[in-house]
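Each chain, written out:
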Amino acid sequence: MYQYDGFDQEFVRQRSAQFRDQVKRRLSGALSEAEFKPLRLMNGVYLELHAYLLRVAIPYGTLSSQQLKRLAMIGRKWDRGYGHFTTRQNIQFNWPKLEDIPDMLDSLAEVEMHAIQTSGACIRNVTADQFSGVAKDEIEDPRPWAEIIRQWSSLHPEFTFLPRKFKVSITGSSEDRAAIKVHDIGLALKKNDHGDIGFEVMVGGGQGRTPMLAQTIRDFLPKSEILPYLEAIMRVYNQFGRRDNKYKARIKILVHETGIEKLRSLVEAEYEALRASFIDLPQAEVSRIQNFFTAPPYQNLEDQEALLNQQAQQNTGFGQWLQANRTGHKQPGYAVVTISLKPIGGIPGDISSDQMDYVADLSERYGFGEIRVTHEQNLVLPDIRQDQLFDLYQDLVSQGLATANAGLISDIISCPGMDYCALATARSIPIAQALSRRFEDITSQQNIGPLKIKISGCINACGHHHVGHIGILGLERKGEEHYQLSLGGHAGFEASIGKIVGPSFKEHQIVDAVETVVQTYLDLRTEDEIFLDTYRRLGDTPFKEALYAAA
Amino acid sequence: MQLLKKDQGLIEETWVHCTDLEPLPVSENIIVGYGRWLNEQETLLKRNGLLGLELPNDVSPADISDKLDHLSLILLDFPAFNDGRAYSQAQLLRNRYGFKGELRASGHVLRDQLAFMARCGIDCFELPLHAPAQEWSKAFSDFSNMYQGAADGFATIAQKRHLDQTGAE
Ligand code: SF4
């Protein structure tokens, strides 16, 4: 993975010194909260319901074991012994004291981490496919490009006070695991007819109160042109994005109101005009960054299907875990393992400091000391020998980290909701917990098959409910929590926005309603059909009837 | 209000800000609004004294690019600290259209934005009346190196990394 040189190191240290000074000015009263707010937001510090919150960037979801141990230490020392992974490959600490945050940032800087641009109306932490570099279906590893974009976007002088926040996501595989179509810019590495690899550039995706899928603005962009092209998009957005209404300020609205054709001509014109003066990366710099992402020293191994089958037969739990949490690896004899942070009845994405330390140790013992964070709020060990999967599984069981539900109905994405978030209109965590308990049995979860439930505690949609196969949005009406159910959403290249199925449900009804939807699917599915396919084949009528017929 | 010039510290105001209605002073250096610039351009270009223009942040620099030789100062508007359109205007004026005069940031300017503004080519800043200017000036040097190329022309971190190989200065 990427390692800081002296320049990167100095940069994050100076950033943290700058923030220390800002905090000092705030605590001395030289800055009012109103003046301090834009400054702290630039550094991932929110003021939430009960306390300040620090959001730390995990660029493109890649962590070293040393970094994960540091996060564990930070959670222990300055928080309540845990952290929370978000849907944007960040980690949040919910209980820091403002005066401690500069020390936390210094501590992060020591392990090449920071909180730069994890909030504010700027280019946010760049996310990527969590299986980058190990995926079987990969066209090219997107991580070097994500790192290049991370550096370019860090304190960009022109694009730090945009109309709204701006999210970029990147994938290099034939399957989109990074939800790129619901990002302001989605980048997909692909091969053209001549066999060259470049980017398909998509723009204008987003969730919130007006969910939209990104549209293609450039079908094929040579890789070497990515930074000036991004600069052109950002400049057009900075000038023409709406600033009169914060709900219409994202680039998706600009795409919608201007039309993709017109916007494309604006961007292409700007691109042509700026190329001459754009100071692009020297090729040597691209190579330098790429060299950090070469394959680790794999051994020459063979696949171990027979062994794994045998172990799975002897131990049902292992078999179930293998089926759900193991993904194919491009290197024979290796596997990619998802560690579910969705224990039955637990809080999605939460992990204790002790568990972080343990996972970091496992990554060193079984892998090459690397961990990935997924936008679905799980962790990944990317390089596990197949013949060691059983040992790893047993270790995970000992720490409550072996829930065999990756991609299944209890692998729920949920935002923090009313339990933490100042913007929430309803609780989301308790709904996720209740659902996970209702569908507890792993055998029946596997019978239901791949099904993604996503829950947001307000219209901002941090819990991605618009692209949940089953989406749940918590709202408040007359002082009571209500939950709106939508069906048929999906993130991925074949993305779709879920459709609200009918009147919303009260808290005590929502779990039953989801169960009704699932039962309807089970009754109607053809063999091998996953929930989404049944929904796409039949539409929402049968689900509506089942949900509302009795009323 | 005080005026901070990047390399000089506090400076005295030497420009007269003319409203759209008052008669133009004979020979002083004046700053006019965009409406007056559009309506009275011929008169403005003929008079003695230097000319400055207040550029609304929704006007494209392309619209004035052929007249830049006549302008000695452009006042960029930051109506709120989070309205960042003028950063792009500054970059375009400097980098694309080669404007050499003074670029002045006016409106809601925060201390912690000075470095960004300077990188985009802004060289003069309106500060709130009681802001400690010396203290604010330190903000220019919060960072020794930056990743992006910008109107200030400083070498980027990537260029510095490959100084030997590429010969970039
Ligand atoms: S969706 Fe709403 S409640 Fe949930 S984290 Fe986002 S802002 Fe908070």
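Note that the structure is a prediction, hence the values are computed from the model and not measured. Position numbers for residues start from 1 in each chain and track the written sequence from start to end. Whichever chain is written first becomes A and whichever ligand is written first becomes 1, with later ones labelled in order. In view of the model being predicted, local features appear only for residues whose pLDDT reaches at least 70, and side-chain atom pairs are presented and counted only at 80 or more, with totals across whole chains, interfaces and linings using the full set of residues. Side-chain calculation: all heavy atoms of the structure are included, whereas hydrogens and water are not.

1. Focus on the pattern of salt bridges
Opposite charge on two side chains allows them to pair when their charged atoms are near.
Consideration 1: Salt bridge, as used here: a side-chain nitrogen of Lys or Arg that lies within 4 Å of a carboxyl oxygen of Asp or Glu. What the rule picks out here adds up to 59 salt bridges over all chains.
Consideration 2: With a shortest N-O distance of 3.8 Å, E33 of chain A and R26 of chain A are connected by a salt bridge.
Consideration 3: Across the pair R143 of chain A and D141 of chain A runs a salt bridge, and its minimum N-O distance is 2.6 Å. Each member of the pair, R143 of chain A as well as D141 of chain A, is classed as buried.
Consideration 4: Shared partners join several salt bridges into a network, and the residues in it are D21 and R25 of chain A together with R111, D112, E135 and K138 of chain B. Each residue is placed in one exposure class: buried if its accessible area under a 1.4 Å probe, protein chains only, is under 20% of its type's maximum, exposed if it is over 50%, and partly exposed if it falls in between.

2. What to know about the sheet that holds strand β7 (residues 168-171) of chain A
Residue and element names in this part refer to chain A.
Consideration 1: One bridge is not enough; two strands pair if DSSP finds at least two bridges between them. Runs of H or I in DSSP of at least four residues are treated as helices and runs of E of at least two as strands, each being numbered from the N terminus. The 5 strands are arranged β6-β7-β8-β9-β10 in an open sheet whose pairing can be described as mixed. Either end of the sheet is taken by a strand with one partner, and the two such strands are β6 (127-128) and β10 (215-222).
Consideration 2: Lying over the sheet, helix α6 (residues 226-240) contacts β8 (185-191), β9 (197-203) and β10, oriented at roughly 155° with respect to β10. The criterion used for residue contact is that any of the two residues' heavy atoms lie within 4.5 Å. As a rule, the C-alpha atoms of each element are fitted with a line to give its axis, helices using only the stretch in contact, and angles between N-to-C directions run from 0 to 180 degrees.

3. A closer look at the domain arrangement of chain A
Residues and elements named next belong to chain A.
Consideration 1: On domain assignment, one finds that chain A holds domain 1 (6-109), domain 2 (127-292), domain 3 (305-398) and domain 4 (413-547).
Consideration 2: Where each domain begins and ends follows an automated or database-derived domain assignment. Taking only C-alpha atoms into account, the centre of domain 1 sits 26 Å from that of domain 2.
Consideration 3: Counting residues at the interface gives 9 residues for domain 1, matched by 13 residues for domain 2.
Consideration 4: Note on definitions: buried area is the accessible-area loss of two parts on being combined, 1.4 Å probe, summed for both. A buried area of about 1100 Å², summed over both sides, lies between domain 1 and domain 2, and 63% of it is on carbon and sulfur atoms.
Consideration 5: Two N or O atoms count as a polar contact when they lie within 3.5 Å, although within protein this holds only if one can serve as hydrogen donor and the other as acceptor, and sequence-adjacent residues are included solely when both atoms are side-chain atoms. Where domain 1 packs against domain 2, one counts 2 residue pairs in polar contact (both at pLDDT 80 or more).
Consideration 6: Sorting elements by how many residues they give to the side of domain 1 that touches domain 2 places helix α1 (residues 6-27) first, with 3 residues.
Consideration 7: In this count, Pro and Cys sit with the nonpolar residues alongside Ala, Val, Leu, Ile, Met, Phe, Trp and Tyr, while Asp, Glu, Lys and Arg are called charged and the others, Gly among them, polar. Here the side of domain 1 that touches domain 2 is composed, by residue class, of 4 nonpolar, 2 polar and 3 charged.

4. Considering empty space enclosed by the protein
Consideration 1: With a 1 Å grid spanning the protein atoms alone, the term cavity applies to any set of points in which a 1.4 Å probe fits but cannot get out, the term pocket to an open set with protein on both sides within 12 Å along at least five of seven lines, and the term lining residue to any residue with an atom within 4 Å of a point. Grid points are joined across faces, edges and corners, and a volume is the space filled by probe spheres set on the points. Using the criterion set out here, one finds 8 cavities of 30 Å³ or more in the structure.
Consideration 2: Roughly 140 Å³ of internal volume is contained in the largest cavity.
Consideration 3: Along the walls of the largest cavity sit 16 residues, with W152, L227 and L281 of chain A together with Y147 and A158 of chain B positioned nearest its centre.
Consideration 4: For the lining of the largest cavity, the elements supplying multiple residues, two or more each, are α5 (143-153), α6 and α9 (283-290) of chain A.
Consideration 5: In terms of residue count, α5 of chain A provides more of the lining of the largest cavity than any other element does, 3 residues in total.
Consideration 6: Partitioning the lining of the largest cavity into residue classes produces 9 nonpolar, 4 polar and 3 charged.

5. Quick look at the layout of surface pockets
Consideration 1: Space inside the second largest pocket adds up to approximately 870 Å³.
Consideration 2: Considering the residues around the second largest pocket, the lining is formed by 36 residues, among which E175, E376, A406, G407 and K452 of chain A are closest to the centre.

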